[in-house]
Number of protein chains: 4
Amino acid sequence: MPNLVAAAQALQDKLITYRRDFHQYPESGWTEFRTGSLLAKRLAALGYQVLIGEECQVAEERMGLPSASELEKHYQRALEQGAVPEYAALMQGGLTAVVGILECGPGPVLGMRFDFDAVDVQESATFRPGREGFNSVNPNVMHSCGHDCHATVGLGVAELLMSHKDQLKGTVKLVFQPAEEGVRGAKSIVASGILDDVDYMLAGHVSSGAPLGYLHTGRNGMLATTKLDAIFTGAPAHAGGTPHGGKNALLAAATAVLNLQAIPRHSEGATRINVGRLNAGTGRNVIPDKAHLALETRGATSALNQHVYDYAIRVLSSAAAMHDCGLQILPMGAAQGGVSDPAFMEIVSRVATELGCFHHIDNNPSDGGGSEDYTYMMERVQQKGGLATFVGYGGKLHTTQGEESGGHHTAEFDVDEGCLAPSVALFAAIALDILK
Amino acid sequence: MPNLVAAAQALQDKLITYRRDFHQYPESGWTEFRTGSLLAKRLAALGYQVLIGEECQVAEERMGLPSASELEKHYQRALEQGAVPEYAALMQGGLTAVVGILECGPGPVLGMRFDFDAVDVQESATFRPGREGFNSVNPNVMHSCGHDCHATVGLGVAELLMSHKDQLKGTVKLVFQPAEEGVRGAKSIVASGILDDVDYMLAGHVSSGAPLGYLHTGRNGMLATTKLDAIFTGAPAHAGGTPHGGKNALLAAATAVLNLQAIPRHSEGATRINVGRLNAGTGRNVIPDKAHLALETRGATSALNQHVYDYAIRVLSSAAAMHDCGLQILPMGAAQGGVSDPAFMEIVSRVATELGCFHHIDNNPSDGGGSEDYTYMMERVQQKGGLATFVGYGGKLHTTQGEESGGHHTAEFDVDEGCLAPSVALFAAIALDILK
Amino acid sequence: MPNLVAAAQALQDKLITYRRDFHQYPESGWTEFRTGSLLAKRLAALGYQVLIGEECQVAEERMGLPSASELEKHYQRALEQGAVPEYAALMQGGLTAVVGILECGPGPVLGMRFDFDAVDVQESATFRPGREGFNSVNPNVMHSCGHDCHATVGLGVAELLMSHKDQLKGTVKLVFQPAEEGVRGAKSIVASGILDDVDYMLAGHVSSGAPLGYLHTGRNGMLATTKLDAIFTGAPAHAGGTPHGGKNALLAAATAVLNLQAIPRHSEGATRINVGRLNAGTGRNVIPDKAHLALETRGATSALNQHVYDYAIRVLSSAAAMHDCGLQILPMGAAQGGVSDPAFMEIVSRVATELGCFHHIDNNPSDGGGSEDYTYMMERVQQKGGLATFVGYGGKLHTTQGEESGGHHTAEFDVDEGCLAPSVALFAAIALDILK
Amino acid sequence: MPNLVAAAQALQDKLITYRRDFHQYPESGWTEFRTGSLLAKRLAALGYQVLIGEECQVAEERMGLPSASELEKHYQRALEQGAVPEYAALMQGGLTAVVGILECGPGPVLGMRFDFDAVDVQESATFRPGREGFNSVNPNVMHSCGHDCHATVGLGVAELLMSHKDQLKGTVKLVFQPAEEGVRGAKSIVASGILDDVDYMLAGHVSSGAPLGYLHTGRNGMLATTKLDAIFTGAPAHAGGTPHGGKNALLAAATAVLNLQAIPRHSEGATRINVGRLNAGTGRNVIPDKAHLALETRGATSALNQHVYDYAIRVLSSAAAMHDCGLQILPMGAAQGGVSDPAFMEIVSRVATELGCFHHIDNNPSDGGGSEDYTYMMERVQQKGGLATFVGYGGKLHTTQGEESGGHHTAEFDVDEGCLAPSVALFAAIALDILK
């Protein structure tokens, strides 16, 4: 095997430049016109076959899409911030997925997923990115989950693999996924069929909590989840004059909130339910005619999540019926429960050991508690007989001021960029190992 | 007009005997085999045409019927306590209504209602009836609403009218109604058609709160009401081992209780809702699979009551659906809102004034807040173009110990029996006035 | 008595001009810097002693005050729209009450209340005001309850009384009240003591539903009411990772909503409760740490309202305790139940009859169902032994297009300005009658 | 080691006789006067030092005690059914614990727990015990959890150890525990201090689901639990006449039920909450003034159970306060979470292997989901530095009719009595091994 660690390290300055550029211009799910078009341009420049938008995703399967006017506003914003017009044009309306394909004759097909959307958080102006001038210029949007790094690693891997393509036998598909936050994007890519021939599926996530050099070769504790909005519609009336005249959507909603939370525990594994947001009513003296709930269900397996979801739908529809209200259910996101394949974890472990740049390799799948829609990709590949895993690598930052990076989704999130090159090396080495 | 006051007064000893006998052997709704058969026997002895059970009521329209075994148990109890076997036999299964008819040629038809069931209360052993030895011998049953007096007055009126029958032109129907408590009986009598030709409908109620000599000529404040039981049926499961395995009927019931109570107020008049009783579940560690609610709705008008009832049914069925439970609704009683006809009230007022035995006559309809199923009879007669009213007469007791009679439905309820003869005189005089 | 009808009619053009100016520049409660300063300027010009802001109201007793920045924004807006700077300066921070006093030697003290704030409604651009060019220039604010007319009538009365001041013996206090909508303003004026010596208290309200020439001399059906906001504060947590870690303010709020609505009915009179608005939570996957309720209680009397209010506070504080949340209660408005004095109604009736410009005078107090904080003024005057009433006069509009004016608080509200002069005449005539 | 299997087998007929006698006269917790006094008599006859009632339990620490009249009734019933008067006398008032002590000089102290109460179930008359004439003669009480076998094994062990006492060095304490059902009895025994010097603590449970010859050497999955009753006390009122006059205990209870069920899940382990029974109210038309809830909390650890319990108490007390009701909390039972010590499990495994009468020995602690108050004993011994375990042995019955025994707590529960002698041998062998 070639010295991929050295080759990746040679790209490190470029990787940092990419990462800081993405970090400075973060974009929420389905509005990543700038990031997406730059990724497409660079993949094309390296010689990859590039699929964009409906070429690699099904529009109707996208979830939690912003309004058309919001999408258009961001499209213009992205163009002003340097989006590549010819590629962005293909992404209009929120079709921001990008796939780069490298075919090297017969052999296995390896898919790698890199997500690139940001989180709705206002970045700190005084933490390291702020002090060094690459903090977010977009209000209330921030790369506080490390997807800027993931996209960067994806570009690094693309470059390294292209330069070693004569050592590859098979096909590599580099899948750049939008809208992972809120678990909204993966399903639309899977639905396109682009992964149907994949034999090995790989993705990774940087951790601001684990130190440089740590590697988890798999992950299990991803809860299956469904995100949905529920909208109760009643009828208004003057609360003093005709209290009986309305249809009280807030009564329906309050009944739903209590009964959703009261969905029984399940003895076969962890389940979750949360109504995270409720907005109802208008004037103080008007029977509330509308109530909007944002909620989510989770389960240790897809079946457990489905059990809670089915119960929740029954609660919502019965609560609406109880107060003679209408009900609209809007799907807003979903992820499967996912389990890494031990056989793929062994490959990762062996390759990482050979590389020598990870000093702490953990083969017990980590257990997080959160959810990831990469699980849709894992499930599809596993259903077709392939193997999948989801690795985690450490990137804990210690600044010169003695600070540590904040947790994921906080305003002080940042990573030690020293994690970039080893991750590029790892992904590339796995590709060379599998497609050898 | 003959001197009816004197004639009634001559019956006073007999009236007291009747009343104390009824008082000593009180019988709950639909189990009045003793009281009913005695009434039938005496009416027949006086020369009345007597209708019993299905001759004057529709079995299927009875509400809140006890179980067959309970009915049979009371049938035997009544026979032991002196029921008249040949009449009681016609009442088996709870068909305890009795009507006495006196036809005196062409002329108006006058109906008079006398109810004769008792209340589920344990009588005090130390109040006047106890001290004088005529308190209830039946545990947890007591004439604490004065229906013993009503039945007695009915017998007195029957005797007086029969002795004045040559002065009557028309027909008198003396309707002895069972199961007024819980508003369960009147509807089944109305359904028989026995009142369809009635031109004037009259009933009265003794009050333990108003003094002797007081007379209210009409009453309006009777709330329409519906009594119902709701039974939720789920599925049990071990609460520790399979908390998700059951269908929790208590969750459904608790949701129903809160939302029933939350049915909005109505600006057009008074409404009421009450879940008076809830029994749910078995073992502490078992998901409750059954919940039984006893509830009632009320409204200042039948329409307002219907509005609340319809809402309540929607709440109950939605709460059941919410937790995947079955629901059974059992009708347990009903009464209409009722309004006395001013034209009939004027007749009552004039006749009472002429009699001279009521010193305080109030022509503003009284306003009670409770419910009465005599309203079914009022409604039927009024719908056919007839007139109806519901009078009240004072019977407040002052014992030689200086006590006063307790309120209706209490263990110390009793009346000044001096109210009996004047009431008999009043009813008879009204009959002679209308059928003159 | 002088011919006040003719005198008022002579002012009619000026009244229409005033009214349309106020209509075009409507201002929400506590932001009436333009309207208030113009009223003050005109009262001063007529020769009245003028009290402004803290001279006639207690700042701390104002309820439902906008934020300081909002107040400042509207202060600037008002200056741009023609507020009188020297008077507006005295109103900064939302002290917009204005009182004009005319002292004419010894004699009774007569108070008259005119309210002048607008409603948060977007006016129709196509109804009569829009077609004739005097519709609101301020977005989402509109005189859709007729307070523009009330302020105009107040100015007309001020002019007429000043020109007849040699016929007055006593004192007139013209109270121009801000923030009647939401019943937020009257209490702060009463608290200043300005009404403590008033013997007769009068106010009026135009009705878009009753025709010109109709007069109600009193009103009873005003529900006492309390407006309040309740804010539950819990603690956030990740709903997937640490569902037990938060304190769920939405659970507390939902429990409160159901139990508030379930506060029992009262047999002594109408009561109301309404949670008109609930906003809770932030992210879908975060335990909601905050919930904001806007609610109100009402009762046919102040005691009934207090009963509901006390129960509501207990529900709110218990719901907070149940889920370990903090609770903040913010008073947002209040009005008493109010009953017109028949003695004053007789004066109004007699004077109106003498004037001859009202052809339909109704002395049965009207019964609305809504609430009015003028009741605070009535109560204070009545407690001190004075008399108070609240009259209503018809102003239904029939446009040349054959439309009718919309209901109060709708986008098509408008009145027939023919109501202005007769109202001015009535108020002035009552003053001359009482202070003769 | 002596041939304990053969020695136990020699007792088998006596064991079956004991077991069937206990089975025929089952007694609920705290009323085991017959079973307890027979156990005491037999232990004394064998030569054991016998402690009874307050000699080995603290009266105040008993939970879920029946009423005094109930206890007295069962005391008389037991005497009629053959209780030993001199021992039963020491148990009056429900002090039914019995401990047999055998001191054999210096050495370790070994405690063995055998529970002997029955379950409130009506036994099938047609299953094997019924067909063979040893089914329960006490209505609604049945040994359907195998405690008849446990008590029998305890007597067998007592006999075997006494006959081998010269081979023992140390002390054996045979603890016969009442009231294990509802987890009510162990705490009162632990509180007496009788286990404070125990070095090894052992108990066993027969399983009707596992076949003969199966042995689990330990158990972990016992959920800590707390059983409690909550009684809300309000005030009654007539629901039609004064709906505002009561204090509605059912509203408080319904609010509690929903919010108890809505206590958030915990990410650190399983939790449970169940309101198994609710009885509230009296008459349909009366505001319910009382509500009685039977509930329980559980947790995978004592800390998790305590977390749920603390939340539940807050919900209950807040729900009471919300509707102005009083609240009484009655502790009804409790058990700790318990974990078997691997070191003791190894001893059990080795001894069982040597005995040769268990063909399937499982050293992975089993995981049930239920609760056991033997955990109080485990905890006390472990806190003092001792070792504890809880073994399970198979006893699945196959009748000659081809039936299998029913599950625990069912009417068809029964066991293959072939399990008795091997269990006696195992317990005795462990004693000889530890006290050798």
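No experiment lies behind these values; they were computed from the predicted model shown.

Q: A description of the overall build of chain A should follow, citing residues and the corresponding values.
A: Looking only at helices and strands, chain A features 13 helices and twelve strands. In terms of C-alpha radius of gyration, chain A reaches 23 Å, essentially the compact-globule figure of 22 Å for 436 residues. Along the first, second and third principal axes, the C-alpha set of chain A runs to 80 × 50 × 45 Å. Burial analysis of chain A (436 residues in total) assigns 61% to the buried set. Carbon and sulfur atoms form 50% of the exposed surface of chain A, whose accessible area is close to 14,300 Å².

Q: Lay out the relation of the copies chain B and chain D with the relevant residues and their values.
A: Superposing chain B onto chain D takes a rotation of 180 degrees plus a shift of 0.0 Å along the axis, which leaves an RMSD of 0.0 Å. Look at the turn and shift together and you get a two-fold axis relating the two. Take the interface residues of chain B: 100% of them recur as interface residues in chain D, which is what a same-surface contact looks like.

Q: Can you tell me about the interface of chain B and chain D, naming the residues and giving the values?
A: Taken together, the contact between chain B and chain D spans 39 residues of the former and 39 residues of the latter. Between chain B and chain D, a total of about 2,900 Å² is buried, with carbon and sulfur atoms accounting for 54% of that surface. Applying the counting rule to chain B against chain D returns two salt bridges. With its nearest N and O atoms 2.9 Å apart, the salt bridge here joins Arg284 of chain D to Asp229 of chain B. Per-element tally for the side of chain B that touches chain D: the top contributor is strand β8 (residues 271-281) of chain B, with nine residues. Looking at the side of chain B that touches chain D, its residues break down into 18 nonpolar, 14 polar and seven charged. Pairing geometry for β8 of chain B and strand β8 (residues 271-281) of chain D, over five bridges, is antiparallel.

Q: Explain the relation of the copies chain C and chain A residue by residue, including any values.
A: Here chain C sits on chain A after a turn of 179 degrees about the axis and a move of 0.0 Å along it, with an RMSD of 0.1 Å. Comparing interface residues between copies, 100% of those in chain C also sit at the interface in chain A, which points to an isologous, same-surface contact.

Q: Tell me what's going on with the sheet that holds strand β10 (residues 326-335) of chain B, and back it up with residues and numbers.
A: Pairing within the open sheet is antiparallel, and its eight strands lie in the order β10(B)-β7(B)-β9(B)-β8(B)-β8(D)-β9(D)-β7(D)-β10(D). A strand with exactly one partner marks an edge of an open sheet, and here the two such strands are β10 of chain B together with β10 (326-335) of chain D. The average angle at which neighbouring strand axes cross in this sheet is 20 degrees, direction not considered. Against the sheet, helix α9 (residues 249-261) of chain B contacts β7 (224-233), β8 and β9 (290-299) of chain B together with β8 of chain D, and its axis sits at roughly 165 degrees relative to β8 of chain B.

Q: I'd like a description of the sheet that holds strand β11 (residues 360-362) of chain B, backed by residues and values.
A: Residues and elements named next belong to chain B. If you trace the eight strands from one edge of the open sheet to the other, you get β1-β2-β4-β3-β5-β12-β6-β11, paired in mixed fashion. Lying at the two open borders of the sheet, with one neighbouring strand each, are β1 (49-52) and β11. Between one strand and the next, the sheet's axes are offset by a mean angle of 20 degrees, whatever the strand orientation. As paired elements, strand β3 (residues 109-115) and strand β5 (residues 200-207) share four bridges and run parallel to each other. Residue Met112 lies in a different strand from β5, and its bridge partner there is Leu202.

Q: Could you give an account of the side chain of Glu417 of chain B, naming the residues involved and the relevant values?
A: All names here are of chain B. Tracing the sequence through the fold places Glu417 in the loop between β12 (387-394) and α13 (420-434). In this structure Glu417 comes out as buried when scored by relative accessible area, which is 5%. Look past the residues within four positions of Glu417 in its chain and what remains in contact with it is Gln12, Ile16, Arg19, Arg20, Arg128 and Phe134.

Q: Got a sec to walk through the packing of aromatic side chains? Specific residues and values, please.
A: In this description, an aromatic ring pair is defined by two values, namely the gap between the centres and the angle between the planes. Residues and elements named next belong to chain D. Summed over all chains, the structure comprises 20 aromatic pairs over all chains. Arranged with centres 5.4 Å apart and planes meeting at 35 degrees, the rings of Phe114 and Phe176 form a pair that is tilted. Here Phe114 is found in strand β3 (residues 109-115), whereas its partner Phe176 is found in strand β4 (residues 170-177), with 62 residues between them in sequence. Here Phe114 and Phe176 have matching classes, each one buried.

Q: If you had to explain the packing of helix α2 (residues 12-24) of chain D against helix α13 (residues 420-434) of chain D to someone new, which residues and values would you point to?
A: Residues and elements named next belong to chain D. Close contact between α2 and α13 brings their axes to 9 Å; oriented N to C, the two are set at 105 degrees. Comparing their axes, α13 and α2 come out roughly perpendicular. Between α2 and α13, the residues in contact are Gln12, Leu15, Ile16 and Arg19 and Leu420, Ala421 and Val424, respectively. For the contact of α2 with α13, the per-class residue count stands at five nonpolar, one polar and one charged.

Q: Give me unusual backbone geometry: which residues, what numbers.
A: Although it is not a glycine, Val183 of chain A sits at a positive phi angle of roughly 45 degrees. Structurally, Val183 of chain A is set in the loop between β4 (170-177) and α8 (186-190). In the Ramachandran plot, Asp324 of chain D falls in the positive-phi region, its phi being about 60 degrees despite a non-glycine side chain. Structurally, the position occupied by Asp324 of chain D is in the loop between α10 (302-322) and β10. A relative accessible area of 35% places Asp324 of chain D in the partly exposed class.

Q: Provide a residue-level description of the interface of chain C and chain A, including the pertinent values.
A: Each partner contributes residues to the interface: chain C has 39 residues there, and chain A has 39 residues. Taken over both partners, the interface formed by chain C and chain A buries close to 2,900 Å², and the fraction arising from carbon and sulfur atoms is 54%. Contact with chain A buries area across many residues of chain C, yet Leu258, Asn274 and Arg284 of chain C alone supply 23% of it, more than any other trio. At the boundary of chain C with chain A, the tally comes to two salt bridges. Looking at the side of chain C that touches chain A, the elements with two or more residues in it are β7 (224-233), α9 (249-261), β8 (271-281) and β9 (290-299) of chain C. Ranked by residues supplied to the side of chain C that touches chain A, first place goes to β8 of chain C with nine residues.

Q: Now, about the pattern of salt bridges: what can you tell me, with residues and values included?
A: This structure, assessed with the given rule, holds 104 salt bridges over all chains. With its nearest N and O atoms 3.3 Å apart, the salt bridge here joins Lys247 of chain A to Asp324 of chain A. Of this pair, Lys247 of chain A sits in the loop between β7 (224-233) and α9 (249-261) while Asp324 of chain A sits in the loop between α10 (302-322) and β10 (326-335), and the two are 77 residues apart along the sequence. By relative accessible area, which is 33% here, Lys247 of chain A ends up partly exposed. When the shortest N-O distance is used, the salt bridge between Arg19 of chain D and Glu417 of chain D registers 2.8 Å. Linking Arg19 of chain D in helix α2 with Glu417 of chain D in the loop between β12 (387-394) and α13, this pair joins segments that are 398 residues apart in sequence.

Q: Residue-level account of helix α9 (residues 249-261) of chain D, with values.
A: Here α9 of chain D spans 18 Å end to end across 13 residues, near enough to the 18 Å set by a 1.5 Å rise per residue. Of all 13 residues in α9 of chain D, 13 are buried, a share of seventy percent or more.

Q: Pulling in residues and values, what's your account of the pairing of β9 of chain B?
A: Looking along a regular strand, one sees the side chains alternate between the two faces of the sheet. Residues and elements named next belong to chain B. For β9, the tally of buried residues reaches eight of ten residues, placing the bulk of the element in the interior. Both β8 and β9 contribute to a ladder of nine bridges, which runs antiparallel. Opposite Val275, over in β9, you have Leu295 as the bridge partner.

Q: Let's hear about the state of the cysteines: which residues, and what values?
A: According to the stated counting rule, one finds zero disulfides over all chains in the structure shown. With no disulfide of its own, Cys357 of chain C has Cys419 of chain C as its nearest cysteine by sulfur position, at a separation of 11 Å.

Q: Could you give an account of the packing of helix α2 (residues 12-24) of chain B against helix α3 (residues 33-46) of chain B, with specific residues and numbers?
A: Residue and element names in this part refer to chain B. One way to put it is that α2 packs onto α3 with a least axis distance of 10 Å and a crossing angle of 155 degrees. By the angle class used here, α2 and α3 are roughly antiparallel. The handedness of the crossing between α2 and α3 comes out as right-handed. Facing α2, whose interface residues are Tyr18, Asp21 and Phe22, α3 presents Arg34, Thr35, Leu38, Leu39 and Arg42.

Cut-offs and rules
- Residues numbered from 1 in each chain as written.
- Chains lettered and ligands numbered in written order.
- Predicted model: local features only at pLDDT ≥ 70, side-chain atom pairs only at ≥ 80, totals over all residues.
- Heavy atoms only, no water.
- Helix = DSSP H or I, 4+ residues; strand = E, 2+ residues; numbered from the N terminus.
- Rg over C-alpha atoms; globule rule 2.2 N^0.38 Å.
- Buried < 20%, exposed > 50% of the residue type's maximum accessible area, 1.4 Å probe, protein only.
- Areas by Shrake-Rupley, 256 points an atom, 1.4 Å probe, with all protein chains shown as cover.
- Least-squares fit on C-alpha atoms with pLDDT ≥ 70 in both.
- Contact = heavy atoms within 4.5 Å.
- Buried area = accessible area lost by both parts, 1.4 Å probe.
- Salt bridge = Lys/Arg side-chain N within 4 Å of Asp/Glu carboxyl O.
- Nonpolar A, V, L, I, M, F, W, Y, C, P; charged D, E, K, R; others polar.
- Pairing = 2+ DSSP bridges.
- Axes fitted to C-alpha atoms, helices over the stretch in contact; angles between N-to-C directions.
- Phe/Tyr/Trp six-rings, centres within 6.5 Å; stacked < 30°, edge-to-face > 60°.
- Parallel < 35°, antiparallel > 145°, perpendicular 65-115°, else oblique.
- Expected span 1.5 Å × (residues − 1).
- Disulfide = S-S within 2.5 Å.
- Left-handed = near helix turned anticlockwise from the far one by under 90°.

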